[in-house]
Amino acid sequence: MFATPLAVSKYIDNDPYSYHQQRRKVVAVYLLALVAMIVIFGWLLSEQYKQEIIDAESRIIARANVVNEWAEGVFAQSGQALFGLTELIGMQGMPDANNSFMLQRALDNLTVFVPLVDEIAILDPDGHVLLATQRGNRNGYINIGKTAFFNAFKQNGQRELMTPLHWSESEQQFYLYHGRRLESPTGEFAGVVLASITPRVFANALQQMHVYEGESIALIDSDSKLIARHPAPPESLPIGMNITSSRASQKRARELARGEFAWSLTAVSPIDDQERLFRIQRVSDYPMLVVVGVNFRQTLAAWRQRAWILTLVMAVIALLGAWGARHYLNRLLLSYQLRQRIEEREQARAEAQVAAAAFETHLGILITDPQGIILRVNATYTRITGYREADLVGKYFRMFSSGLHSDAFYRRLWKRVMDTGHWEGELWNQRKNGEMFPEWLTISAVYSDDKTLTHYVATLNDISERKAAEQEIHQLAFYDPLTGLANRRLFIDRMGNALKELCRRQRCGALILIDIDNFKQINDTLGHYTGDQLLQGLAQRMGQMLRDTDTLARLGADEFAVLIEGVDSCPEKAAQLAEKIAYKLLATLNEPIAVGEEHLRVSGSIGITVMENNEHSVDDYLQQVDMALFEAKISGRHRVCFFAPSMQTALLAHVKLESDVRLAQVEQQWLLHYQPQVNHHGTITSVEALLRWQHPERGLVSPGEFIPLLESTGLINDVGEWVLENACYQLSRWSQQPLLSQLTISVNISPLQFRDEHFLERVQGVFTRTQAPLDRLKLEVTETLFVEARDDARDKMLALKAQGVRFSLDDFGTGYSSLAYLAHLPLDQLKIDQSFVHQVLESPANAAIVESTIALAKSLNLEVIAEGVESNAQQTWLWAHGCHAYQGFLFGRSGTAEAIEQRLSRH
Ligand code: C2E
Ligand code: MG
Ligand code: MG
């Protein structure tokens, strides 16, 4: 009844102020009212019902009382007659010949005066009839003497008693016998006077009474046998029939047992089979009951009628209420729908506004019908493509393609739109002026509610600027801005791809790493601009030399790498090819290059590793080639080195050494040895302090192994200070001893120490602490010190020289410096490197260098000392060529200070 139409339920459901909630409330109120009405009406009817029953019951009670009193009256009459007779017999004695006449008359009179009594008889103690009324049939009493009734008088001494209906065989009818005990003057049982009353007496009396419809009045005896009834019972139920139903008889038995005199019950009358309300009343102590019944149906007829009317009224009210509620709900629904529609319209308007605003965005928008015919474009679209709206509307969307994409591409694109309703991607488009531009295009199919295709919407974003920016970012991310070569990232990427490829094709590749020797010096001395130009020139030159398939990259400041892909399946051949390329590169680098107005010539060191399987990663190969390059650099630069597995071991050892060296500094595992320097007489004039490392496992470690490490870790400053301090203390101590007081100590100073900004302060500190005679301190420096920041080194040397410190140029000949250039430095001594001395006899070239060096040094007023003198022949040669100071195993190896002292004291 209150169902919501399906069409509207969908938006009503969305309403938070739910219509359904309201509907539920209304239905609940309606049902509540209905229930209340039913309860009230039901109560009303039940009250009326009860009232009807009460009324009917009081009516039948009144009726039963009247009948009861009347019945009592009847028995009182018969009782009275019997009493009178008993009195008479008491006076006259039992009937005999004398008085029987008189008694006979008395009996007959009684029947006349008490018409209710049918007959009266006098019985002897044995129950024999002594005298009876004239009408009476003596035989009717024949069996009385043996009955319980008679015995009640005879044996139990009962004074007066009445029987229930008693069937008289002789009279062939029922009687009610009313008896009274007769006693002799001595009080003994003398017999019984007996009155018989026919049921007809009662029936006749009842007939006189007026009964309402449905009402019945009956008299029954204590055995429930019908005595009389009004209206008359049907012939099937004659007088004397047991009439009570089992239920009524049970109740009757119960009530009688309880001694009740009157009670009510509802039962189906066995006489007319109608349900009745009965009132049953006992007639005094007599075995007779008055039963007044009233037909239930008839009694409640009026009530039933009223009940029907009330139910009808109730139904009408219920229907009216339901109609009202439904009407109210309909109106409510309508107002909801109205509100909903207003809201929807508002929303649609807002959406339309949003859509209109959205349509004019920075994105080009084009709308077509399902056939792809353009319906609308926005201003951005016309701005991007250069077409006016009029040029486009009505045309096929497909017509405006750039022609750069294949038909298959467009087929795929439209298939995807058909299948999924959407496509997006990058494609080329053409402006009206013919210019191609990249765009990001999104095509969406629009469907109506019933899934019919209605439109296509294409949004277009001109991404030419973004593409350019991406290109630039890509360039910046993957290319070196200075040389335009691939950078490390791109190179690593290409290496990864190359590795996969050569693995797939079972080929070998090679990785070449190039480092420009001493590039930092060029940068520092000639400036960064020149350095950059040099790098650009070198990159260009190497690029020209390489094949297109090779990848040239700049990995670091002066570090270039070449990736040679898939050259050969044989690693040896790949190595040969790589070596060839590497030497070509070396040669290319070595050619003079014009930078500005200058012509520079640089050299390079090259490391190579062959990539032959994918057991190693990109990082592994980069590490390998790094090691190879390192090897090339440490083995004198300007050379090519292949990676060998032993390098890895060396590298690991290097790492271990580095950690050991740090520990050595912490634990001060340093020792200072001294090697004698002699004059041409063989007299020790000075000593060189040489650092030793007392390694806990390896014993004494020579500085060649760890000085580069100290330098690379920066520990050299602290360790160098320790050396200088120890040497200075030694000088101070020796200066106290006459034999040793003239000894000079040479201390090696690393260029790194020298370059340290606190170098002078540190040295000054040592001098102050040790109070060493500075004129006998000689500091050995190497040529590399002057390659960078020559003026700074010179200033520092001058500052120290001012305090008397002298300087020796160690390892002379291994560097690049020329003697002319050394003339500007505050040097005192020149130490010819032992590599020259060793070969002075065998190599005429070396001999020539040493010879001219000695001569030139002298001309510059520099002392000359030769180191690494191992044989007399060498010493002789040197002496002959003007070198009069020597150091070498020929004159003694390095030893402790005590060893020197002992040796000098021996002399
Ligand atoms: P250097 O200054 O050229 O020292 C001379 C090196 O040649 C010493 O090696 C010495 O033992 C070795 N030597 C001397 N005579 C001969 C010879 O007749 N034949 C051969 N084959 N070798 C000879 P050492 O002690 O191993 O020192 C190596 C280098 O370590 C030194 O070369 C020096 O550059 C550096 N060094 C040593 N001590 C220090 C130090 O305290 N500070 C710094 N910065 N460097 C040091
Ligand atoms: Mg030295
Ligand atoms: Mg040396």
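Placed above this text is the structure.
Here is a short report on the structure shown in this document. Worth saying up front: this structure is predicted, and the values here are computed from it rather than measured.

### Describing the coordination of the magnesium ion (ligand 2)
Then step 1. Within the protein, the atoms that donate to the magnesium ion (ligand 2) are E688 (OE), N748 (OD1), E780 (OE) and D810 (OD), at distances of 2.0 to 2.2 Å.
Then step 2. Along the chain, the residues that donate to the magnesium ion (ligand 2) are spaced as E-x59-N-x31-E-x29-D.
Then step 3. In this structure the magnesium ion (ligand 3) is found 4.0 Å away from the magnesium ion (ligand 2), and D810 serves as a bridging donor for the pair. Remark: D810 occurs in strand β28 (residues 806-812) and E688 occurs in strand β24 (residues 684-695); sequence separation between them is 122 residues. We note that E688, like D810, is buried.

### Some details on the coordination of the magnesium ion (ligand 3)
Then step 1. With distances of 2.0 to 2.6 Å, the protein atoms coordinating the magnesium ion (ligand 3) are D810 (OD), D811 (OD), E867 (OE) and E867 (OE).
Then step 2. If you list the donors of the magnesium ion (ligand 3) from N- to C-terminus, the spacing comes out as D-D-x55-E.
Then step 3. Residue class for D810 comes out buried when judged on its relative accessible area of 7%.
Then step 4. Taking relative accessible area as the criterion, E867 reaches 6% and is therefore assigned buried.

### Quick word on the site of ligand 1
Then step 1. E688, D810, Q834, E870 and F889 are the nearest of the 22 residues found near ligand 1.
Then step 2. At 3.0 Å, a side-chain N or O of Q675 approaches a nitrogen atom of ligand 1.
Then step 3. At a separation of 2.7 Å, an oxygen atom of ligand 1 approaches a polar side-chain atom of Q834.
Then step 4. Taken by itself ligand 1 offers 780 Å² of open surface, and the protein chains cover 83% of this.
Then step 5. The set of elements that each furnish at least two residues to the shell around ligand 1 consists of β24, α19 (703-713), β28 and α26 (834-839).

### A few points about the side chain of R692
Then step 1. Position of R692 among the secondary structure elements: in strand β24.
Then step 2. Summary of buried charges: R692 has no salt-bridge partner, and the nearest side chain of opposite charge, E688, is 8.8 Å away.
Then step 3. In this structure the side chain of R692 is engaged in a polar contact, spanning 2.9 Å, whose partner is the side chain of S894.
Then step 4. Not counting residues up to four positions away in its chain, the partners in contact with R692 are Q669, W670, L671, H673, L700, V701, P703, F706 and S894.

### Some remarks on the packing of aromatic side chains
Then step 1. Following the criterion strictly, the structure yields 20 aromatic pairs and no others.
Then step 2. Seen in terms of ring centroids, Y19 and Y336 are 5.7 Å apart; in terms of plane orientation they differ by 75 degrees. Their pairing is edge-to-face. A residue pair is termed long-range when its members are at least 10 positions apart, and Y19 in helix α2 (residues 19-92) and Y336 in helix α8 (residues 301-359) qualify at 317 residues.
Then step 3. Given the relative accessible area of 5%, Y336 is considered buried.
Then step 4. Centroid distance F75 to Y286: 4.6 Å. Interplanar angle 35 degrees. Geometry classified as tilted. Taken together, the positions of F75 in helix α2 and Y286 in the loop between β9 (275-282) and β10 (288-295) put the pair 211 residues apart, joining distant regions of the chain.

### Section: the nonpolar core
Then step 1. Membership of the largest hydrophobic core comes to 73 residues, with the highest contact counts inside it found for V747 and L777.
Then step 2. A per-element tally of this core places helix α20 (residues 716-735) first, with eight residues.
Then step 3. The residues touching V747, leaving out its near neighbours within four places in the chain, are A689, V723, L724, A727, L777, K778, L779 and E780.
Then step 4. Judged by nonpolar contacts, the second largest core, of 42 residues, contains M37, L45, V67 and A203.

### Points about the pairing of β9
Then step 1. The element β9 is largely enclosed, with a buried count of six among its eight residues.
Then step 2. Across seven bridges, the pairing between strand β8 (residues 262-268) and β9 is antiparallel. Directly across from S264, in β9, lies its bridge partner R279.
Then step 3. Hairpin connection between β8 and β9: a loop of six residues separates the two successive antiparallel strands, and D273 in this loop has a positive phi of roughly 60 degrees.
Then step 4. Two elements, β9 and β10, share seven bridges in a ladder whose sense is antiparallel. Opposite I280, over in β10, you have V291 as the bridge partner.
Then step 5. Between β9 and the antiparallel strand that follows it, β10, lie five residues; S284 among them carries a positive phi value of about 45 degrees.

### What to know about the sheet that holds strand β15 (residues 453-462)
Strands in a sheet are paired, the pairing made by backbone hydrogen bonds, and the direction either parallel or antiparallel.
Then step 1. Read across the open sheet, the five strands follow the order β12-β11-β15-β14-β13; overall the sheet is antiparallel. Two strands close off the open sheet at either side, each with one partner strand: β12 (374-377) and β13 (422-430). Ignoring which end each strand starts from, the neighbouring axes of this sheet average 25 degrees apart.
Then step 2. Pairing analysis gives three bridges linking strand β11 (residues 364-368) to β12, with the strands arranged antiparallel. Residue pairing in the sheet places T368 in a bridge with I374 of β12.

What counts and how
- Residues numbered from 1 in each chain as written.
- Chains lettered and ligands numbered in written order.
- Predicted model: local features only at pLDDT ≥ 70, side-chain atom pairs only at ≥ 80, totals over all residues.
- Heavy atoms only, no water.
- Donors = N, O, S within 2.8 Å, 3.2 Å for Na, K, Ca; no water.
- Helix = DSSP H or I, 4+ residues; strand = E, 2+ residues; numbered from the N terminus.
- Buried < 20%, exposed > 50% of the residue type's maximum accessible area, 1.4 Å probe, protein only.
- Near = heavy atom within 4 Å.
- Polar contact = N/O pair within 3.5 Å; in protein donor to acceptor, adjacent residues only side chain to side chain.
- Areas by Shrake-Rupley, 256 points an atom, 1.4 Å probe, with all protein chains shown as cover.
- Lys, Arg positive; Asp, Glu negative; His and termini not counted.
- Salt bridge = Lys/Arg side-chain N within 4 Å of Asp/Glu carboxyl O.
- Contact = heavy atoms within 4.5 Å.
- Phe/Tyr/Trp six-rings, centres within 6.5 Å; stacked < 30°, edge-to-face > 60°.
- Core = buried A, V, L, I, M, F, W, Y, C linked by side-chain atoms within 4.5 Å.
- Pairing = 2+ DSSP bridges.
- Axes fitted to C-alpha atoms, helices over the stretch in contact; angles between N-to-C directions.

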